[in-house]
Every structure is written in C-alpha cells, then in structure tokens.
Amino acid sequence: YVGPHSAVAHPPCQRWGRFWHGRPRRPRQFRLGDDEGCLEAALHAVQNWGGVIEHPCDSQAWKRFAIPRPKRFTGWLQVTDTSWTCYVEQGHYGHMSRKPTWLYFVGERAPMNLNWSKGGQRLHPVALERYGYAKARRIGMTAMVGGKDKTKKRNATPVEFRDLLISLVTN
C-alpha cells in the first residue's frame, strides 16, 4: 500500500501464532513468519500513513519487529510518540469466543479507549451437557458451532470489531 490514507490491516497470522510451525503432530512444516512479507508491508503502511494492525494475542511478529508486548486488561501501551499497542478481546465486539487480540496503532493522537476487561468464559450448552465442563472447555465454543466452517468462523473478524478498527483510524 502506497498511501495516502490510514490503513486497517489484518495480515495473515497463521505463520506468526502458536502453531506457526504446523500441526502439533507434524511440527516444522513451515517457517516462522513466512507470510510472503504481508505483515512487514502492513507495518510499513501504518508507520507511513497511520492505521492499525490486528493480530492474535502472543503473535511472534511483535518480537520480530521489536514492538513491546502489551499487557493484558490494562489499556494502550505507548510505544513511541505516535504509536501504541494493546490487548483486547474480540468477544466484547461480536465474536462468539473471547478471541484475545493484539493491536498496533499509529496516529497523530492517542487512540480511543476500548473494553479492556476479561471476557466471561463461553461454553456451548450442548457440549457442557454432553461432555461435561472439562471437555466442553477444551472443545471451545467455535468448534461446537462451526462444523466444517469452524476455522473460517474462528478466524473471522466480526463486523462490530471491524467497525471499531475503522473508527480507530477515522476519529
């Protein structure tokens, strides 16, 4: 992206997250950060034109690009005069799961406050009844609802959260 407007970016996160290497039973299928330069391009875009990057909580990209890890449930952490990072849960903004997320924001002014609280645990009632608490917690809400589309639903950014990200860069 060559500007001149602020960017809202969600570069591919599969190679930056907890299972960046591939499936647990077949580790080392992939290289850490192998996203064809998408995250680096998004970072350059928001640093040059302002904007926000959304990535999963504990993304290895923060370490790779020397962005301080945000603390959970505490608000924005100022990185430079014009950049901030934070932890937020998309469950407060329309996602069926808590979906812990990190944001990296660059702008002329401090970003608006978000809901910094820890979301409540969400268990599917059928899973709870059928399997009990421990397994229902392990299965998660999305797996019970999603069926074949569970990965798509898990990865999706809810409309309410998308609108929040847009408002971050336009206000």
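Residues numbered from 1 in each chain as written. Predicted model: local features only at pLDDT ≥ 70, side-chain atom pairs only at ≥ 80, totals over all residues. Heavy atoms only, no water.

J.: I tried to follow the layout of surface pockets on my own but got confused; where do I start?
T.: Over the atoms a probe the size of a water molecule is rolled, and this reveals where empty space is left. As a volume, the largest pocket reaches approximately 1600 Å³. Lining the largest pocket are 37 residues, and of these Arg18, Ser97, Lys99, Pro100 and Arg154 sit closest to its centre. A total of four residues in the lining of the largest pocket trace back to one element, the largest contributor, which is helix α6 (residues 150-155). Partitioning the lining of the largest pocket into residue classes produces 10 nonpolar, 14 polar and 13 charged. Reported here for the second largest pocket is a volume of approximately 180 Å³. Taken together, 15 residues make up the lining of the second largest pocket; nearest its centre are Trp49, Gly50, Val106, Gly107 and Glu108. Looking at the lining of the second largest pocket, the elements with two or more residues in it are α1 (38-49), β5 (100-106) and α7 (159-170). For the lining of the second largest pocket, the element with the most residues is α1, which contributes three residues. In the lining of the second largest pocket, the residues fall into five nonpolar, eight polar and two charged. (1 Å grid on protein atoms, 1.4 Å probe; cavity = no way out; pocket = protein on both sides within 12 Å on 5 of 7 lines; lining within 4 Å. Points joined across faces, edges and corners; volume = space filled by probe spheres on them. Helix = DSSP H or I, 4+ residues; strand = E, 2+ residues; numbered from the N terminus. Nonpolar A, V, L, I, M, F, W, Y, C, P; charged D, E, K, R; others polar.)

J.: Can you walk me through the sheet that holds strand β4 (residues 83-89) in this structure?
T.: Pairing between the strands of a sheet is mediated by backbone hydrogen bonds and can be parallel or antiparallel. If you walk across this open sheet you meet the five strands as β1-β2-β5-β4-β3, and the pairing is mixed. Unpaired on one side and paired on the other, β1 (7-9) and β3 (77-80) mark the two borders of the sheet. Each strand of the sheet is rotated relative to its neighbour by a mean of 20 degrees, with strand direction disregarded. Where β4 meets β5, seven bridges bridge the pair, whose relative direction is antiparallel. Bridge pairing in β5 links Tyr87 to Trp102. Docked against the sheet, α1 engages β1, β2 (51-56) and β5, running at close to 150 degrees with respect to β2. (Pairing = 2+ DSSP bridges. Axes fitted to C-alpha atoms, helices over the stretch in contact; angles between N-to-C directions. Contact = heavy atoms within 4.5 Å.)

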